[in-house]
Amino acid sequence: GIQVEQSPPDLILQEGANSTLRCNFSDSVNNLQWFHQNPWGQLINLFYIPSGTKQNGRLSATTVATERYSLLYISSSQTTDSGVYFCAVERYSGNTPLVFGKGTRLSVIA
Amino acid sequence: DTAVSQTPKYLVTQMGNDKSIKCEQNLGHDTMYWYKQDSKKFLKIMFSYNNKELIINETVPNRFSPKSPDKAHLNLHINSLELGDSAVYFCASSQAGQVRQYFGPGTRLTVT
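Residues numbered from 1 in each chain as written. Chains lettered and ligands numbered in written order. Predicted model: local features only at pLDDT ≥ 70, side-chain atom pairs only at ≥ 80, totals over all residues. Heavy atoms only, no water.

K.L.:
Quick one: what's the story with the packing of aromatic side chains, residue by residue and with numbers?
P.N.:
Residues and elements named next belong to chain A. In the structure shown here, the tally under the stated rule is 8 aromatic pairs over all chains. When the centroid spacing of 6.1 Å and the interplanar angle of 85° are considered together, the rings of phenylalanine 86 and phenylalanine 100 count as edge-to-face. Here phenylalanine 86, found in strand E9 (residues 83–90), pairs with phenylalanine 100, found in strand E10 (residues 99–100); they are 14 residues apart in sequence, far enough to count as distant. Exposure class is identical for phenylalanine 86 and phenylalanine 100. Each is buried. (Phe/Tyr/Trp six-rings, centres within 6.5 Å; stacked < 30°, edge-to-face > 60°. Helix = DSSP H or I, 4+ residues; strand = E, 2+ residues; numbered from the N terminus. Buried < 20%, exposed > 50% of the residue type's maximum accessible area, 1.4 Å probe, protein only.)

Laid out in structure tokens, this is it:
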């Protein structure tokens, strides 16, 4: 099956710093989503981005489908950005399950 | 309005018991899923249901049985609970042609 690798596994930032999280996947995909799991366990969908670039406030994401990677940018980080960031992909277009990476655990310290 | 809801949010029970987790979506989606997040935070698919038919079962023990009374609900029933079943269970849904999946808030199951 498709493999999803995220890096780095852990990241500690000072508040106000910028960061880039990476997601590599082993095959072509029809769906790619970035999620933030907050310290309370909620999975929050950040982006649906199988290709191209999207921005939402301080967060933006870029997926280069032909090179099989996606990047999540966090600018001016805040303590509320702490948590685990997951990349998940779906290979086919017919409502098949997402395959998740192992996540990047981000800690933003004041 | 909550798109995908799960009940209960927390469930603490003893080994050997039988329990159910309920999931409802009000998005009109035709496919629903159950994912399990283990203690290492790894998320993995357990089941997916499309139009009330099970279409994937990823080697989940048969103690776990999904039940879908209608297109808006997919409940997870677990028999003879074991310590290793302790995890967070997430329900999700999607619609054919729209790809993106929507997740519920999760149910934290603790088996003692």
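Don't stop here, the text continues.
K.L.:
For the interface of chain A and chain B, give the residues involved together with the corresponding values.
P.N.:
Listed as interface residues are 19 residues of chain A and, on the opposing side, 24 residues of chain B. Both sides together, the interface formed by chain A and chain B hides about 1800 Å², and carbon and sulfur atoms give 58% of it. Together, Asn95, Pro97 and Phe100 of chain A form the three largest contributors to the area buried by chain A at its contact with chain B, with a combined 35%. At the level of elements, strand E4 (31–37), strand E5 (43–48) and E9 of chain A are the ones that each hand at least two residues to the side of chain A that touches chain B. The element contributing the most residues to the side of chain A that touches chain B is E4 of chain A, with 4 residues. Split by residue class, the side of chain A that touches chain B holds 7 nonpolar, 9 polar and 3 charged. (Contact = heavy atoms within 4.5 Å. Buried area = accessible area lost by both parts, 1.4 Å probe. Nonpolar A, V, L, I, M, F, W, Y, C, P; charged D, E, K, R; others polar.)

K.L.:
Provide a residue-level description of the sheet that holds strand E6 (residues 52–56) of chain A, including the pertinent values.
P.N.:
Residue and element names in this part refer to chain A. Strand order in the open sheet formed by 5 strands is E1-E3-E8-E7-E6, with antiparallel pairing between adjacent strands. Both outer strands of the open sheet, strand E1 (4–7) and E6, are each paired with one neighbouring strand and no more. Adjacent strand axes in the sheet meet at a mean angle of 15° when their direction is disregarded. Across 5 bridges, the pairing between E6 and strand E7 (residues 59–64) is antiparallel. Across the sheet, asparagine 56 pairs through a bridge with leucine 59, a residue of E7. (Pairing = 2+ DSSP bridges. Axes fitted to C-alpha atoms, helices over the stretch in contact; angles between N-to-C directions.)

K.L.:
A description of the layout of surface pockets should follow, citing residues and the corresponding values.
P.N.:
Its boundaries defined by the atoms lining it, the largest pocket holds a volume of some 510 Å³. Among the elements that take part in the lining of the largest pocket, strand E5 (residues 43–50) of chain B stands out by supplying 3 residues, more than any other. For the lining of the largest pocket, a count of residues per class yields 11 nonpolar, 4 polar and 6 charged. Estimates place the volume of the second largest pocket at around 270 Å³. As for the second largest pocket, its lining consists of 20 residues, of which Trp40 and Gly41 of chain A together with Gln37, Val88 and Arg108 of chain B are closest to the centre. Broken down by secondary-structure element, the contributors of at least two residues to the lining of the second largest pocket are strand E9 (87–94) and strand E11 (107–111) of chain B. Tallying contributions element by element places E11 of chain B first for the lining of the second largest pocket, with 4 residues. Its residues assigned to classes, the lining of the second largest pocket comprises 7 nonpolar, 9 polar and 4 charged. (1 Å grid on protein atoms, 1.4 Å probe; cavity = no way out; pocket = protein on both sides within 12 Å on 5 of 7 lines; lining within 4 Å. Points joined across faces, edges and corners; volume = space filled by probe spheres on them.)

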